[in-house]
Amino acid sequence: MNTHRQDFPLLRDCKVVYFDNACQTLRPKQVIEAINEYYQDYPACGGRSMHHLAAKVTHKCEEARSIISTFLHAKRKEEIVFTRNTTEGINLVAHSLGLKAGDIVIISDKEHNSNLIPWQVLRDKIGIEYKIIYSKEDNTFDLEAYKQALNNRVKLVSLGFTSNLDGVTIPANEIITLAHKAGALVLLDGAQAVPHRKIDVQDLDVDFLAFSGHKMLGPSGTGVLYGKYSLLTKLDPFMVGGDTVASSTYETHEFLPPPEKFEAGLQDYAGIIGLGAAVNYLNTIGFEFIEQQEQMLNKYITTELKTISGLKIIGPSDPKERGGICSFYIPGKDHHQIALMLDETSKIMIRSGQHCVHSWFYAHQIPGSVRASVYFYNTMNEAEVFIRELKKVVSIL
Ligand SMILES: Cc1ncc(COP(=O)(O)O)c(C=O)c1O
């Protein structure tokens, strides 16, 4: 019995099989309580007013910043910028870095739209270029092609740390070392990495890391951009206004230091405090258990999927290389139909479609896939139910 399930209201009576964790995870009661506590006990505005409720909000938000800073092993808590999600973090870097015409950004062929569209927009607006590193046959990162692509015009390497398409993780340490040698900065899209394995930003020496709270037990619409402090001080804020400045006149203004200069307007205090509670909770679970559980489930799911005639798994066939994600398609069978039937017949929730990586699907002429993504609270029993019901659905489609 997985005792952590008791903390998740939706799982207490096994009402659903929730295998859509790459989209959003469920939230434990500790996170829900932290959010409720804010709204019930101190629903005030942080940073601005002088009264004691406001002071409490500021204190709780700064506490959350410290928790996240320690979690990532950042050098200082001011390296943690609160955002709404990974997308905002990537956009913040894209629009604040001061890229110029002719500068090159390296991405891969498997980027989420959040790490593709910002570069397309900057190409059209200011004339940057982006270079795509195409994956190897098994969809893993092509380090040789990457080495060839690095040159002194490359200003930024912006890569998905773990792919939401197939669960493959890139060799980030090597990629970062090579980028720095070539004089480029590195931004990692950590949306699918930070919730699943221990990340030490100092050990990685990564320059920027964007991730979402809602994929790691936190409230919806919360996220973080980690950035080295020395770089954050040089970046121009992307969104400006209230709370970003120390003072202003009719003519000019003086920005606050990071992270404040990036956190414009009234913040999602309940979300930030809830995210702190989520990270505290993850710390009690530990990544050893999380990885072990995901591996066990993905191994079983992969072995069983391979017995279904015509089914193709996206990415390496070895589940050890795909974390908690198993993305597959069966030519001739509609992925959305599979997802709808699993939900209707057995309340099994998985994702179907192109997972915001339309570019990869178009390039490979595959209409879409079914994606099962597990987390530590999922069980072998759920995996067995999923496989049993999937086999039924596939046989009648
Ligand atoms: C790899 C990856 N990057 C970026 C995102 C965008 O995350 P968000 O919608 O929280 O900004 C996602 C969301 O699924 C993702 O999986």
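Note that the structure is predicted; figures quoted are calculated from it, not measured. (Residues numbered from 1 in each chain as written. Predicted model: local features only at pLDDT ≥ 70, side-chain atom pairs only at ≥ 80, totals over all residues.)

It is worth spelling out helix 11 (residues 335–346) at this point. The end-to-end C-alpha distance of helix 11, which contains twelve residues, comes to 16 Å, matching closely the 16 Å that a straight helix rising 1.5 Å per residue would cover. Taken residue by residue, helix 11 has His-335, Ile-338, Ala-339 and Leu-342 as its buried positions. Each buried residue of helix 11 sits inside an arc of 95° when the element is viewed along its axis, so together they form one side. For helix 11, exposure combined with an orientation more than 90 degrees from the buried face picks out His-336, Glu-344 and Thr-345. In this structure, the buried residues of helix 11 make contact with strand 12 (325–329), strand 13 (348–349), strand 14 (351–353), strand 15 (369–373) and helix 13 (380–396). Following helix 11 by one or two positions, Lys-347 adopts a phi angle in the positive range, close to 55°. (Helix = DSSP H or I, 4+ residues; strand = E, 2+ residues; numbered from the N terminus. Expected span 1.5 Å × (residues − 1). Buried ≥ 20, exposed ≤ 12 C-beta atoms within 10 Å, placed from the backbone. Arc of directions from axis to C-beta. Contact = placed C-beta atoms within 7 Å.)

You can read the domains of the protein as domain 1 (30–284) and domain 2 (286–396). Between domain 1 and domain 2, the C-alpha centre-to-centre distance is 28 Å. For the side of domain 1 that touches domain 2, a count of residues per class yields three nonpolar, nine polar and six charged. (Domains from an automatic or database assignment. Nonpolar A, V, L, I, M, F, W, Y, C, P; charged D, E, K, R; others polar.)

Around the ligand there are 13 residues in total, and Asn-85, Thr-87, Asn-164, Ala-191 and Ser-212 lie nearest to it. In terms of residue class, the shell around the ligand is built from three nonpolar, nine polar and one charged. (Near = placed C-beta within 6 Å.)

Another point: the packing of helix 3 (residues 86–96) against helix 4 (residues 117–126). Relative to each other, helix 3 and helix 4 sit at 25°, their axes nearing to 10 Å. The pairing of helix 3 with helix 4 is recorded here as roughly parallel in orientation. Remark: the crossing between helix 3 and helix 4 carries right-handed chirality. From helix 3, Ile-90, Asn-91 and Ala-94 reach across to helix 4, where they touch Pro-118, Trp-119 and Leu-122. (Axes fitted to C-alpha atoms, helices over the stretch in contact; angles between N-to-C directions. Parallel < 35°, antiparallel > 145°, perpendicular 65-115°, else oblique. Left-handed = near helix turned anticlockwise from the far one by under 90°.)

On to the sheet that holds strand 12. Hydrogen bonding along the main chain pairs the strands of a sheet, whether they run parallel or antiparallel. What the four strands build is an open sheet, ordered 11-12-15-14; its pairing is antiparallel. Sheet topology places strand 11 (312–313) and strand 14 at the edges, where each strand pairs with a single neighbour. Where strand 14 and strand 15 come together, three bridges link them in antiparallel fashion. Its bridge partner being in strand 15, Ser-352 is matched across the sheet by Val-370. Together, strand 12, strand 14 and strand 15 form the strand contacts of helix 11, whose direction differs from that of strand 14 by roughly 160°. (Pairing = 2+ DSSP bridges.)

Another aspect to go through is the sheet that holds strand 5 (residues 154–160). Taken in spatial order, the seven strands make up an open sheet running 2-8-7-6-5-3-4, and their pairing is mixed. Edge positions in the open sheet fall to strand 2 (80–83) and strand 4 (129–133), since each of these has one partner strand only. Neighbouring strand axes in the sheet, compared pairwise and without regard to direction, differ in orientation by 20° on average. Taken together, the five bridges between strand 3 (residues 104–108) and strand 4 define a ladder with parallel strand orientation. Across the sheet, the residue bridging to Ile-104 is Glu-129, located in strand 4.

All right, on to the nonpolar core then. Counting residues in each nonpolar core, the largest one holds 69 residues, and the members touching the most others are Ile-175, Val-186, Leu-187 and Tyr-226. Ranked by the residues each element gives to this core, the list is headed by helix 9 (residues 269–285), at eight residues. Each residue touching Tyr-226, except ones within four places of it in the same chain, is listed here: Leu-72, Ala-74, Glu-79, Ile-80, Val-201, Phe-208 and Leu-209. Core analysis: the second largest hydrophobic core is formed by 33 residues, Ile-290, Ile-348, Val-357 and Ala-383 among them. (Core = buried A, V, L, I, M, F, W, Y, C linked by C-beta atoms within 7 Å.)

What follows concerns the environment of Ile-285. Secondary-structure assignment places Ile-285 in helix 9. Looking at Ile-285, the number of C-beta atoms within 10 Å reads 17, which means it is partly exposed. Distance in space between the C-alpha atoms of Ile-285 and Ala-246 is 40 Å, their sequence separation being 39 residues. Not counting residues up to four positions away in its chain, the partners in contact with Ile-285 are His-4, Ile-290 and Phe-376.

A word on the environment of Thr-233. Considering the arrangement of structural elements, one finds Thr-233 in helix 8 (residues 229–234). Between the C-alpha atom of Thr-233 and that of Pro-257, which follows or precedes it by 24 residues, the distance is 6.7 Å. Setting aside residues up to four positions removed in sequence, Thr-233 forms contacts with Pro-257 and Pro-258.

Our focus in this paragraph is the pairing of strand 9 (residues 245–248). In this structure, strand 9 lies alongside strand 10 (residues 253–255), joined through three bridges in antiparallel fashion. If you follow Ser-248 over to strand 10, its bridge partner there is His-253. Between the antiparallel neighbours strand 9 and strand 10 lie four residues.

On to unusual backbone geometry. Backbone geometry follows two general trends: most residues other than glycine have a negative phi, and most peptide bonds adopt the trans configuration. The omega angle of the peptide bond from Pro-258 to Pro-259 is 5°, so this bond is cis rather than trans. Turning to its location among the elements, Pro-259 is positioned in the loop between strand 10 and helix 9. Not every positive phi belongs to a glycine, and His-73 is a case in point at roughly 60°. Considering the arrangement of structural elements, one finds His-73 in the loop between helix 2 (52–72) and strand 2. Exposure remark for His-73: the 13 C-beta atoms within 10 Å place this residue in the partly exposed category. For Asp-243, which is not glycine, the phi torsion reads 75° and is therefore positive. Mapping Asp-243 onto the fold places it in the loop between helix 8 and strand 9.

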